[in-house]
Amino acid sequence: MANSSADMSVREPITHVIFDMDGLLLDTEKFYTEVQELILARFNKTFDWSLKAKMMGKKALEAAHVFVEETGISGSLSAEKFLEEREETLQKLFPTAELMPGVSHLVKHLHENAIPMCVATGTLRHHFELKTQRHGEIFSMMHHVVVGDDPEVKKGKPSPDIFLAAAKRFKGGPLDPRKVLVFEDAPSGVAAAKNAGMYVVMVPDPRLDSSFHEAADEVLSSLSDFNPSNWGLPPFKDVSS
Ligand SMILES: O=P(O)(O)OC[C@@H](O)CO
Ligand SMILES: [Mg+2]
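Quantities reported herein were computed from a predicted structural model and do not represent experimental measurements. (Residues numbered from 1 in each chain as written. Chains lettered and ligands numbered in written order. Predicted model: local features only at pLDDT ≥ 70, side-chain atom pairs only at ≥ 80, totals over all residues. Heavy atoms only, no water.)

Enquirer: Lay out the environment of aspartate 22 in plain terms, naming residues and giving numbers.
Expert: Structurally, aspartate 22 can be placed in the loop between strand E2 (16-19) and helix H1 (29-42). Taking the C-alpha atoms as reference points, aspartate 22 and alanine 97, separated by 75 residues in sequence, lie 9.7 Å from one another. Aside from chain neighbours lying at most four places away, what touches aspartate 22 is Thr28, Glu29, Tyr32, Thr121, Thr123, Lys131 and Asp185. Only 2.8 Å separates the side chain of aspartate 22 from the side chain of lysine 131, close enough to count as a polar contact. (Helix = DSSP H or I, 4+ residues; strand = E, 2+ residues; numbered from the N terminus. Contact = heavy atoms within 4.5 Å. Polar contact = N/O pair within 3.5 Å; in protein donor to acceptor, adjacent residues only side chain to side chain.)

Enquirer: Give me the layout of surface pockets: which residues, what numbers.
Expert: Sizing a probe to match a water molecule and rolling it over the atoms shows the empty space that remains. Looking at the largest pocket, its volume works out to about 290 Å³. Around the largest pocket, the lining comprises 18 residues; the ones closest to its centre are Gly23, Met100, Val203, Asp205 and Pro206. Its residues assigned to classes, the lining of the largest pocket shows nine nonpolar, three polar and six charged. Two domains each put at least three residues into the lining of the largest pocket: domain 1 (8-27 + 97-228) and domain 2 (29-95). (1 Å grid on protein atoms, 1.4 Å probe; cavity = no way out; pocket = protein on both sides within 12 Å on 5 of 7 lines; lining within 4 Å. Points joined across faces, edges and corners; volume = space filled by probe spheres on them. Nonpolar A, V, L, I, M, F, W, Y, C, P; charged D, E, K, R; others polar. Domains from an automatic or database assignment.)

Enquirer: Could you give an account of the domain arrangement of the chain, naming the residues involved and the relevant values?
Expert: We note that the domain assignment places domain 1 (8-27 + 97-228) and domain 2 (29-95) within the chain. The gap between the C-alpha centroids of domain 1 and domain 2 is 23 Å. Carbon and sulfur atoms make up 57% of the area that domain 1 and domain 2 hide from each other, which totals about 1,900 Å². Looking only at domain 1, the three residues that lose the most surface to domain 2 are Asp27, His127 and Leu130, adding up to 25% of its buried area. Counting every contact that joins domain 1 to domain 2 gives one salt bridge. The shortest N-O distance in the salt bridge between lysine 30 and aspartate 27 comes to 3.2 Å. Run the count over domain 1 and domain 2 and you get ten residue pairs in polar contact (both at pLDDT 80 or more). At four residues, helix H6 (residues 125-132) tops the list of elements feeding residues into the side of domain 1 that touches domain 2. Taken together, the residues of the side of domain 1 that touches domain 2 break down into eight nonpolar, nine polar and ten charged. (Buried area = accessible area lost by both parts, 1.4 Å probe. Salt bridge = Lys/Arg side-chain N within 4 Å of Asp/Glu carboxyl O.)

Following this line, the structure appears as structure tokens:
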């Protein structure tokens, strides 16, 4: 089901695409949830999606502060300690990350049509390498990648920093943000894209409360439902897809 609030008739065709990664290109948000549930169980607390909604998309330390403070465990576990504790488990899980549905088809289609695209992810560089090590073909089609510990990314999503930095690194100098389409799964990422003046397609986890969908220009239940023609991008040839 797609709901597109932005009116195509007044929009310029999209010329550049920026992909978020965790939860959008890669099925990795479940790894963060798994390790957070394990740690919370020690404090007899449960993890829920209202907390997830506040953490996802944020840079590691920012998300860690939300986690320990919102769950009330900051007196026993600091944000830094939480990051240390989860590291070992995440390092085992990340290399098993799979592509989300529709990613391969869309990225290859945009690449075949020479649409410049890149990745802008809050994840840290060393985690990025672990998560993408089995997906070289797809990530090699990206013009560049901006990660959460990039020096130009002063503040994490919902600040626009990471999307502005990503847009600047395409060939051909500064872009009109209204020609850039961002794909995101997280409320913080959708807000960051809008703060950058860009359009954003949200592909939210079905467990995320729909009240978080409002700021997105289009909401899809899967990337497989994306129709490039709605955004002035080259249409898929095999319309059966
Ligand atoms: O910006 P993305 O790729 O979603 O990464 C955020 C992730 O580190 C946790 O949600
Ligand atoms: Mg994400």
